[in-house]
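The lines below spell out each chain.
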Amino acid sequence: MKVFTTAVELRHYLEEQRTLGKKIGFVPTMGALHDGHISLVQQCLSTVEDMVCVASIFVNPTQFNDKKDYEKYPITIDQDLEMLLKAGCEVVFLPSVDEIYPNGLQTDIAVDLGFLGTTLEAAHRPGHFQGVVQVVKILLDKVQPDFLFLGQKDYQQCMVITRLVEAFNMPVEIVICPTKREVSGLAMSSRNRRLSDQETALATNLSKILFEIKKNYKREMPKEWVVYGIQFLKGFPEISLEYLSVVDGKTLQEIQDWQDTKNAVALIAAKIGTVRLIDNLTIY
Ligand code: AMP
């Protein structure tokens, strides 16, 4: 497995691979890898023959609206490299902050996100998606992949990155991969490492609500499910709910009636103690 810290070395290697007829698949991450990330690598390697899988590990400072969250973001590089090697990843890009932002922490890449840029995550994490757009554009320019692998776990982020790719007409195919979960239903997340055992048990209530909505959705209208979820979580004072929303999966507009859409998605964000978690589930 090749590990590159500079874009020049990375580009040189990938150009060689391209001349050999290889396709480039890219899995951007912030490290502290878990099986969810590895499932993206596996999907990458099984998408086409002759794929070179490039994973990046970069904790992007511009996408953290909360400085403490950035400072406490888990870093486990040695373990990450071992997991990537075992999964068959061929290339890792491990840039420094200066490599990505040689002119300081800019967020000058502008994409009109419309409603995507004001709702749900955008409303609760001001500036977050500007930072995501910035880093993903920089990384895509450096890697120039044929395929980009993203996790549905970050539903709105997948939509934002799709918008970015369209806005710049980038010749890359986006593949959205299903959310990997613990046996308990808890969505895997690097931030789960920061939860105590008791908090981990509490955190399973987030996915519990989503699965309950999916299983029984016809019993109630979307709004009633939201009220139910809010009430249910009030029973756990350690959980501070930021939003629970049932939306059209293409627009993120809230739906009033199940008949309003062919693709309904429930999304949730909450803090368990100081750790902020998100999850979502396609209802149909
Ligand atoms: P992160 O390191 O959290 O920025 O995530 C890197 C990529 O892995 C993103 O495309 C995420 O959506 C994806 N990802 C994170 N958690 C999961 C999960 N539990 N299952 C599948 N993909 C995930």
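Going by the structure above, here's the rest.
This is a predicted model, so every value here is computed, not measured. (Residues numbered from 1 in each chain as written. Predicted model: local features only at pLDDT ≥ 70, side-chain atom pairs only at ≥ 80, totals over all residues. Heavy atoms only, no water.)

**Structural notes on the packing of helix H7 (residues 128-143) against helix H8 (residues 155-167)**
- Axis separation between H7 and H8 bottoms out at 10 Å; the angle between their running directions is 55°. Classified by the angle their axes make, H7 and H8 are oblique. When the axes of H7 and H8 are compared, the crossing they make is right-handed. Where H7 approaches H8, its residues Phe129, Val132, Val133, Val136, Lys137 and Leu140 are matched on the opposing element by Gln156, Gln157, Val160, Ile161, Leu164 and Val165.
- The residue inventory of the contact of H7 with H8, partitioned by class, reads 9 nonpolar, 2 polar and 1 charged. (Axes fitted to C-alpha atoms, helices over the stretch in contact; angles between N-to-C directions. Helix = DSSP H or I, 4+ residues; strand = E, 2+ residues; numbered from the N terminus. Parallel < 35°, antiparallel > 145°, perpendicular 65-115°, else oblique. Left-handed = near helix turned anticlockwise from the far one by under 90°. Contact = heavy atoms within 4.5 Å. Nonpolar A, V, L, I, M, F, W, Y, C, P; charged D, E, K, R; others polar.)

**A closer look at the packing of helix H2 (residues 35-47) against helix H4 (residues 77-87)**
- It is at 10 Å that the axes of H2 and H4 come closest, and there the two elements cross at 30°. As summarised for this structure, H2 and H4 are arranged roughly parallel, according to the angle between their axes. Crossing of H2 against H4: the hand is right-handed. Within the contact between the two elements, H2 uses Asp35, Ile38, Val41 and Leu45 and H4 uses Met83, Leu84 and Ala87.
- Split into classes, the residues belonging to the contact of H2 with H4 amount to 6 nonpolar, no polar and 1 charged.

**Observations concerning the packing of aromatic side chains**
- Taken as a whole and assessed by the stated rule, the structure comprises 11 aromatic pairs.
- A cation sits over an aromatic face here: Lys137 above Phe168, 4.6 Å from the ring centre. (Phe/Tyr/Trp six-rings, centres within 6.5 Å; stacked < 30°, edge-to-face > 60°. Lys NZ or Arg CZ within 6 Å of the ring centre and 35° of its normal.)

**Here we look at the sheet that holds strand E7 (residues 239-248)**
- Sheet architecture is open: 3 strands sit in the order E7-E8-E9, paired in antiparallel fashion. Every other strand in the sheet has two partners, leaving E7 and strand E9 (275-282) as the edge strands with one partner each. Along the sheet, successive strands turn relative to each other by an average axial angle of 10°, direction set aside.
- Summarising the sheet, strand E8 (residues 264-272) and E9 pair through 8 bridges and their orientation is antiparallel. (Pairing = 2+ DSSP bridges.)

**Focus: the site of the ligand**
- The environment of the ligand is formed by 16 residues, the closest being Met30, His37, Asp154, Lys180 and Met188.
- At a separation of 2.8 Å, a nitrogen atom of the ligand approaches a polar backbone atom of Lys180.
- Compared with its free state, where it exposes 480 Å², the ligand has 93% of that area covered by protein.
- Only strand E2 (23-29), H2 and strand E5 (147-151) provide two or more residues apiece to the shell around the ligand.
- In terms of residues, the shell around the ligand owes the most to one element, H2, which gives 3 residues.
- Partitioning the shell around the ligand into residue classes produces 7 nonpolar, 6 polar and 3 charged. (Near = heavy atom within 4 Å. Polar contact = N/O pair within 3.5 Å; in protein donor to acceptor, adjacent residues only side chain to side chain. Areas by Shrake-Rupley, 256 points an atom, 1.4 Å probe, with all protein chains shown as cover.)

The values are spatial; any link to function lies outside them.
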